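A structural walkthrough
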Amino acid sequence: MHLASRGLPVIGDSAYGGGLTAARRRLLGAGGAEAVAALGRHALHAHRLGFRHPASGEALVFESDLPNELNLLENVLKERW
């Protein structure tokens, strides 16, 4: 089930998110709207992913810090709220 079907669209999702409407621009403020527009992708990130390798059965875990563009968006939104 897509988050938008539950009324929780993902920021930056051009297919289901509804885009940056005038109401959303007002809600986000100028800095937030600019950060979303500059993002150019979904505002999704997995800090840690893990699964068992299908052939070996080995447990694999991968970690990644928050990318710079999502850090910027997070900071802008924190300032707003």
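All figures in this text were calculated on a predicted structure; none of them were measured in a lab. Per chain, residue numbering runs from 1 following the sequence as it is written. Local features in this predicted model are restricted to residues of pLDDT 70 or higher, and side-chain atom pairs are both shown and tallied only at a pLDDT of 80 or more, whereas totals for entire chains, interfaces and linings draw on every residue. Heavy atoms from the whole structure form the basis of all side-chain values; hydrogens and water molecules are not counted.

What to know about the nonpolar core
- Counting residues in each nonpolar core, the largest one holds eight residues, listed as Leu28, Ala35, Val36, Leu39, Leu70, Leu73, Val76 and Leu77.
- Of all the secondary-structure elements, those providing two or more residues to this core are helix H1 (22–39) and helix H2 (68–80).
- Contacts: residue pairs with any heavy atoms within 4.5 Å of one another. Not counting the four nearest positions on each side in its chain, leucine 77 is found in contact with Ile11 and Leu28. We define a nonpolar core as any set of buried Ala, Val, Leu, Ile, Met, Phe, Trp, Tyr and Cys residues linked to one another through side-chain atoms lying within 4.5 Å. Exposed residues in this analysis have more than 50% of their type's maximum accessible area, buried residues have under 20%, and partly exposed residues fall in between, with area computed by a 1.4 Å probe over protein chains only. Only runs of H or I of at least four residues qualify as helices and only runs of E of at least two qualify as strands under DSSP, and these elements are numbered from the N terminus.

Here's the deal with a nonpolar patch on the surface
- Exposure above 30% relative accessible area and the lack of any salt bridge qualify a residue for a patch; like charges then connect within 9 Å, and the nonpolar side chains Val, Leu, Ile, Met, Phe, Trp and Tyr within 5 Å. All accessibility values rest on the Shrake-Rupley procedure with a 1.4 Å probe; residue burial counts only the protein chains present in the view. Only one rule defines a salt bridge in this text: a Lys or Arg side-chain nitrogen within 4 Å of an Asp or Glu carboxyl oxygen. Residues Leu49, Phe51 and Phe62 make up a contiguous nonpolar surface patch of roughly 320 Å² in combined accessible area.
- In this structure phenylalanine 51 comes out as partly exposed when scored by relative accessible area, which is 43%.

Comments concerning the pattern of salt bridges
- Summed over the entire model, instances satisfying the criterion amount to three salt bridges.
- Residues glutamate 63 and arginine 48 are paired through a salt bridge, measuring 2.8 Å at the closest nitrogen-oxygen approach. Of this pair, glutamate 63 sits in strand S2 (residues 59–63) while arginine 48 is found in strand S1 (residues 48–52), placing the two residues 15 residues apart along the sequence. With respect to class, glutamate 63 is no different from arginine 48; both count as exposed.
- Residue glutamate 74 pairs with lysine 78 through a salt bridge whose shortest N-O separation is 3.7 Å.

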